[in-house]
Amino acid sequence: MGSCGDGRPRFPDLPILNPGGSVAPAPRGQREKYGALFSLGIAGLLLLIVLVGWFVHGVWTNRDLWAEVYTLHNSSRSEAERIEAADRLSRNPRLADEQKMEMSLRRDLPELARYLLAEAVSTEAVARDPRAYAMAVARSPGWPDWLRLLLARRLSYGAARGYDIPRAALDELRRHTDPMIGLWATYALAVLHQPGPDPEMAAELERAAGAPGREGELAARLLTALRAPQEERERRLDEVTLWLRSHHPQAMKIWRGWHVRDQQMARDGVR
């Protein structure tokens with residue numbers, strides 16, 4: 001160690017060592033730094049992009065559906081506009097049965113709009129959970145008779161298809177104060193019996209069909225459906241469904257002043 005002219009110690013220069021004469025290593029990239037986490041992050045980002053794209057696509061393709069739902073629930077729109085929106089929604093296959101049922105229970109919607117949505121609930125709503133559906137229809141408090149009638153009639157379709165519908169719920173509906181609800185439940189009990197219709201329930205429909213008035217006519221129509229070949233029964237019940245609009249006391253008031261699309265409904269079916 002020497003010294004500088006100013007008296008400070010001077011250290012010798014140190015050589016720069018480069019082992020093996022190789023060049024300095026290149027800096028590591030992101031993949032080398034993070035290893036598998038880098039690939040996982042890229043995969044997550046791609047998945048997020050796909051999900052966002054799928055959501056945007058769903059919103060865009062269902063924009064007409066959301067527009068109708070908005071119109072139906074917008075109290076500033078006229079009653080006619082809201083009912084027409086419900087009519088279109090009732091025929092839209094992309095609207096699930098659960099959504100139709102939920103909206104049909106909303107008392108802030110026009111009554112005819114609720115009627116159309118309840119009428120459009122398909123038999124698949126029964127298929128998903130026959131017991132829960134039947135008990136809800138039989139025991140839910142506060143439902144108007146027309147709403148219970150429309151949803152109860154689906155049990156008749158389901159019973160004929162062999163769904164496991166509890167007899168207790170049908171017996172409760174058979175004793176309902178609205179005789180038309182009782183007749184639909186009697187029909188359901190008749191077709192629930194296998195093999196072949198229940199003789200006791202069929203005889204009850206026969207006796208009811210002999211009575212005058214709208215109840216007698218409904219019983220006669222249901223009896224005709226009961227005696228029809230199996231492949232024709234649901235079409236017959238569709239016809240009875242349309243008949244209810246102009247013959248059930250509450251339905252008549254709801255439909256008064258509105259045009260009924262009988263031919264359209266008969267062609268499209270209400271299954």
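Residues numbered from 1 in each chain as written. Predicted model: local features only at pLDDT ≥ 70, side-chain atom pairs only at ≥ 80, totals over all residues. Heavy atoms only, no water.

(A) Region of the structure containing the overall build of the protein chain. Across its full length, the protein chain holds 16 helices and 2 strands. Among the 271 residues that make up the protein chain, the fraction classed as buried is 40%. A separation of at least 24 residues holds for 61% of the contacts in the protein chain among residues at least 6 apart in sequence. (Helix = DSSP H or I, 4+ residues; strand = E, 2+ residues; numbered from the N terminus. Buried < 20%, exposed > 50% of the residue type's maximum accessible area, 1.4 Å probe, protein only. Contact = heavy atoms within 4.5 Å.)

(B) Just the packing of helix α9 (residues 145-160) against helix α11 (residues 179-192), in detail. Direction vectors running N to C along α9 and α11 enclose 10°, while the axes themselves pass 8 Å from each other. In terms of orientation, α9 lies roughly parallel with respect to α11. Taking contact as the criterion, the partners of Asp 145, Arg 148, Leu 149, Arg 153, Leu 155, Ser 156, Tyr 157, Ala 159 and Ala 160 in α9 are, on α11, Met 180, Ile 181, Trp 184, Tyr 187, Ala 188, Val 191 and Leu 192. When the residues that make up the contact of α9 with α11 are grouped by side-chain class, the tally is 12 nonpolar, 1 polar and 3 charged. (Axes fitted to C-alpha atoms, helices over the stretch in contact; angles between N-to-C directions. Parallel < 35°, antiparallel > 145°, perpendicular 65-115°, else oblique. Nonpolar A, V, L, I, M, F, W, Y, C, P; charged D, E, K, R; others polar.)

(C) Examining the environment of Ala 185 more closely. Residue placement: Ala 185 occurs in helix α11. Residues Ala 185 and Leu 173 lie 12 residues apart in sequence; the distance between their C-alpha atoms is 5.8 Å. When near neighbours in sequence (up to four residues on either side) are disregarded, Ala 185 contacts Leu 170, Leu 173 and Arg 174.

(D) Quick look at the packing of α11 against helix α12 (residues 199-209). Put simply, α11 and α12 touch, their axes get as near as 8 Å, and they point 150° apart. Comparing the axis directions of α11 and α12 gives the class roughly antiparallel. Seen from above, α11 lies across α12 with left-handed handedness. Across the interface between the two elements, Leu 183, Thr 186, Tyr 187, Leu 189 and Ala 190 from α11 touch Met 201, Ala 202, Glu 204, Leu 205 and Ala 208 from α12. Taken together, the residues of the contact of α11 with α12 sort by class into 8 nonpolar, 1 polar and 1 charged. (Left-handed = near helix turned anticlockwise from the far one by under 90°.)

(E) Representation of helix α5 (residues 97-104) in the model. Here α5 has its buried residues at Asp 97, Lys 100, Met 101, Met 103 and Ser 104. All buried residues of α5 lie within an arc of 165° about the axis, which places them on one face of the element. (Arc of directions from axis to C-beta.)

(F) Spatial organisation of the pattern of salt bridges. In total, this model carries 18 salt bridges according to the counting rule given. Where Asp 108 meets Arg 106, a salt bridge forms, and the shortest distance between an N and an O atom there is 2.9 Å. Residue Arg 106 is classed as partly exposed on the basis of its relative accessible area of 29%. The network of salt bridges with shared partners includes Glu 232, Arg 235, Arg 236 and Glu 239. (Salt bridge = Lys/Arg side-chain N within 4 Å of Asp/Glu carboxyl O.)

(G) Expanded view of the confidence of the model for the protein chain. Per-residue pLDDT for the protein chain has a mean of 86; in total, 77% of the residues score no lower than 70. The secondary structure element of the protein chain with the lowest average pLDDT is helix α16 (residues 262-268), at 39, and the one with the highest is helix α6 (residues 111-120), at 98. This model gives residues 262-271 a pLDDT under 50, and the stretch forms 21 contacts once residues within four places in sequence are excluded. (pLDDT = per-residue confidence, 0-100.)

(H) Local environment of a nonpolar patch on the surface. Together, Ile 42, Leu 45, Leu 46, Leu 48, Ile 49 and Val 52 make up an exposed nonpolar region whose accessible area comes to about 560 Å². In this fold, Leu 45 is placed in helix α2 (residues 36-61). Judged by its relative accessible area of 47%, Leu 45 is partly exposed. (Patch = residues over 30% accessible without salt bridge, like charges linked within 9 Å, V, L, I, M, F, W, Y side chains within 5 Å. Areas by Shrake-Rupley, 256 points an atom, 1.4 Å probe, with all protein chains shown as cover.)

(I) Just the nonpolar core, in detail. With 67 residues, the main nonpolar core has Leu 72, Tyr 115, Tyr 133, Leu 151, Trp 184 and Leu 218 as its most contacted residues. Top contributing element to this core by residue count: α11, with 11 residues. Ignoring sequence-local partners within four residues, the contact set of Tyr 133 consists of Met 101, Val 121, Ala 125, Val 126, Leu 151, Arg 154 and Leu 155. (Core = buried A, V, L, I, M, F, W, Y, C linked by side-chain atoms within 4.5 Å.)

(J) Quick look at the packing of aromatic side chains. Inspection of the entire model under this criterion finds 2 aromatic pairs. Aromatic pair Tyr 115 and Trp 255: ring centres 5.8 Å apart, planes at 90°, arrangement edge-to-face. Taken together, the residues span a long stretch of sequence, with Tyr 115 in helix α6 and Trp 255 in helix α15 (residues 249-255) at a distance of 140 residues. The structure contains a cluster of three or more aromatic residues connected by ring pairs, namely Tyr 115, Trp 146 and Trp 255. Seen from the ring of Tyr 157, Arg 154 lies directly overhead, with NZ or CZ sitting 4.3 Å from the centre. (Phe/Tyr/Trp six-rings, centres within 6.5 Å; stacked < 30°, edge-to-face > 60°. Lys NZ or Arg CZ within 6 Å of the ring centre and 35° of its normal.)

(K) Summary view of the environment of Pro 93. Inspection of the secondary structure assignment puts Pro 93 in the loop between α4 (79-90) and α5. What makes Pro 93 exposed here is its relative accessible area of 77%. A sequence separation of 27 residues divides Pro 93 from Ala 120, and the C-alpha atoms of the two residues are 10.0 Å apart.

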